[in-house]
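Each chain is listed here by its residues.
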Amino acid sequence: MGGAVGKAGSPKKAWVPETKVEAKVVEAMRRRETHGSSIKSFNSIILKFPKIDESFRNCKATFEQFDEDSNGSIDKEELRKCFHKLETAFTDEEIYDLFETCDINEDRGMKFNEFIVLLCLVYLLKDDPATPQAKSRIGMPDLEATFETLVGAFVFLDKNKDGYVSKSEMVQAINESGERSSGRIAMKRFEEMDWDKNGMVNFKEFLFAFTTWVGIDDDEDEEGGEEKED
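Please read all numbers here as calculations on a predicted model, not as lab measurements.

## Regarding the confidence of the model for the chain
- Residue-level pLDDT values for the chain average 79, and 77% of them are 70 or greater.
- When the criterion is pLDDT under 50, residues 1-13 qualifies, and its contacts beyond four places in sequence or with other chains add up to 27 contacts.
- A low-confidence stretch, residues 129-135 stays under pLDDT 50, and its non-local contacts, those more than four residues away or across chains, total four contacts.

## Side note on the environment of Ile74
- Following the sequence through the fold, Ile74 ends up in the loop between helix H4 (60-66) and helix H5 (76-85).
- With eleven residues separating them along the chain, Ile74 and Phe63 place their C-alpha atoms 8.0 Å apart.
- Contacts of Ile74, omitting those with residues within four sequence positions, involve Phe63, Phe66, Asp67, Leu79, Phe99, Gly109, Met110 and Phe115.

## What to know about the UniProt feature "domain: EF-hand" (unreviewed entry) in the chain
- Mapped onto the present numbering, the UniProt feature "domain: EF-hand" (unreviewed entry) falls on residues 54-89, 145-180 and 181-216.
- As a span, residues 54-89 carries 61% helix and 0% strand, and end to end its C-alpha atoms are 28 Å apart.

Conventions we followed
Residues numbered from 1 in each chain as written. Predicted model: local features only at pLDDT ≥ 70, side-chain atom pairs only at ≥ 80, totals over all residues. Heavy atoms only, no water. pLDDT = per-residue confidence, 0-100. Contact = heavy atoms within 4.5 Å. Helix = DSSP H or I, 4+ residues; strand = E, 2+ residues; numbered from the N terminus. UniProt positions renumbered as here; feature names shortened; annotations may be inferred.

Dropping the structure here:
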């Protein structure tokens, strides 16, 4: 993700994005965080899991539409066509950078959960802070409402509004829920998000964790297993 500047544990520790896309995402998130969040507890995020899961699944048809060769993943060229159909104002270079950012398996193909994460990043990057209630940004108003919930959840967790969530911020957010085992829960959830194990969670990592929490990852594994058995 990014490198630390300053001594470990220092309250002034800063994180430097490694890629242009990550830098843009962090900048966009910081702008968004100036508007605050309607989410007031981690429990309220958990209660939204079923609705988020349903919204993700409704996007499967869109994924299959852009997966022109029906091989279960979207390649760079298919993604470029997808962006043009959605009328998003991204250059081919930016599209390819987003592809590389979200292709976490580095298998040159974007699976459904990676596609969901990419669309949410696009939603955030297209945000205009002057018009937070702007018209549909990617032509999927129902899915965009879910993305706004996810953005709001991250804003709630990022207490110091620096564009990243630290372990202490996660503990604080879950402590506010009043759970007796909040410390243990916070550590488990944070470890699930911090997959590069550098102690800070960016929005992309948060989104991938969310697809796992609501079961999208499990479904992908099952489908892959069924294909191998045939």
